[in-house]
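Next come the chains, spelled out residue by residue.
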Amino acid sequence: MEKTIAPQQAPGLPGTRPPKGWVPPLGQQLELLGVFDNETGYWVGFPLQLLREALLEAEYLHTEDRIDERDKIAVTVPDASAQDTVKTTEYEVPAGEVWYLNRLNLVTEAEVSGNIRISKFPKVSDVDKKYLGTDQAASANTNYDPAAAGQLGADLRLIGGDKITVVATVTAAGGTTADRKVTLNPYGRKARRLV
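Since we're looking at a predicted model, the values are computed, not measured.

## Here's the deal with the packing of aromatic side chains
Aromatic rings considered in pairs are described by the distance between their centres and by the relative angle of their planes.
Part 1: A full pass over the atoms with the stated rule returns 2 aromatic pairs.
Part 2: Between Phe-121 and Tyr-131, the ring centres sit 6.4 Å apart and the planes meet at 25°, which makes this aromatic pair stacked. With a gap of 10 residues between them, Phe-121 in the loop between strand 7 (112-118) and strand 8 (123-124) and Tyr-131 in the loop between strand 9 (127-128) and strand 10 (140-144) connect regions that are remote in the sequence.
Part 3: A cation over a ring is seen here: Arg-103 above Tyr-187, with NZ or CZ 3.9 Å from the ring centre.

So this is what it looks like as structure tokens:
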């Protein structure tokens with residue numbers, strides 16, 4: 001196969017020849033982001049990070065649905081469960097979706113503490129890392145704002161295949177005296193995944 005060099009690929013000349021008939025906006029010059037090398041089959045000089053950042057910005061702004069208490073994830077600890085018993089419920093973000101979560105509302109009932117595990121966070125002893133450093137105490141209803149200082153500093157972005165796990169741990173010395181729940185109400189939006 002013979003290597004073909006178009007004028008745009010010549011050394012020192014990228015971006016100097018716009019396509020025939022194209023008129024750049026007043027005061028601007030056309031500059032190519034990259035060229036395709038026919039011999040290697042790769043783009044040369046193309047800053048993929050620039051394209052990725054632009055797609056992430058577009059993805060963030062494109063809302064397809066709302067995420068709210070209708071998407072709650074709950075785990076139930078049965079009556080008469082002993083102290084330190086741990087129960088979990090896992091939810092996987094559907095393939096092709098991207099979620100931007102801006103509030104996590106965690107509700108714990110009496111006798112159980114709660115936490116959230118996020119699969120995309122680093123593992124701790126081969127288990128998904130907990131979102132909260134310390135479990136939320138029993139009988140609490142707390143909002144966590146991932147974008148706030150001291151949290152993540154941005155919305156929590158989860159893509160298809162990422163998992164959210166709600167964890168309930170029995171804290172009562174005598175165990176549970178009834179079925180007890182820990183519920184996560186995630187808030188945010190679904191978007192069309194571009195990256």
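## Section: the pairing of strand 7
Part 1: Burial analysis of strand 7 places 7 of its 7 residues in the buried class, the great majority of the element.
Part 2: In strand 7, alternate side chains face the same way, and those of Val-112, Gly-114, Ile-116 and Ile-118 on one face and Ser-113, Asn-115 and Arg-117 on the other are all buried.

## Examining the confidence of the model for the chain
Regions with low pLDDT should not have their predicted coordinates read in detail.
Part 1: Considering every residue of the chain, the mean pLDDT works out to 85; 77% of them sit at 70 or more.
Part 2: In this model, residues 7-16 is a region of pLDDT below 50 whose contacts with residues beyond four sequence positions or in other chains number 17 contacts.

## Examining the side chain of Arg-157
Part 1: Looking at where Arg-157 falls in the secondary structure, it is placed in strand 11 (residues 156-159).
Part 2: Within the structure, Arg-157 has its side chain in polar contact with the side chain of Tyr-100 (distance 3.3 Å).
Part 3: Not counting the four nearest positions on each side in its chain, Arg-157 is found in contact with Leu-56, Glu-59, Val-98, Trp-99, Tyr-100, Lys-120, Asp-162, Arg-193 and Val-195.

Conventions and cut-offs
- Residues numbered from 1 in each chain as written.
- Predicted model: local features only at pLDDT ≥ 70, side-chain atom pairs only at ≥ 80, totals over all residues.
- Heavy atoms only, no water.
- Phe/Tyr/Trp six-rings, centres within 6.5 Å; stacked < 30°, edge-to-face > 60°.
- Helix = DSSP H or I, 4+ residues; strand = E, 2+ residues; numbered from the N terminus.
- Lys NZ or Arg CZ within 6 Å of the ring centre and 35° of its normal.
- Buried < 20%, exposed > 50% of the residue type's maximum accessible area, 1.4 Å probe, protein only.
- pLDDT = per-residue confidence, 0-100.
- Contact = heavy atoms within 4.5 Å.
- Polar contact = N/O pair within 3.5 Å; in protein donor to acceptor, adjacent residues only side chain to side chain.

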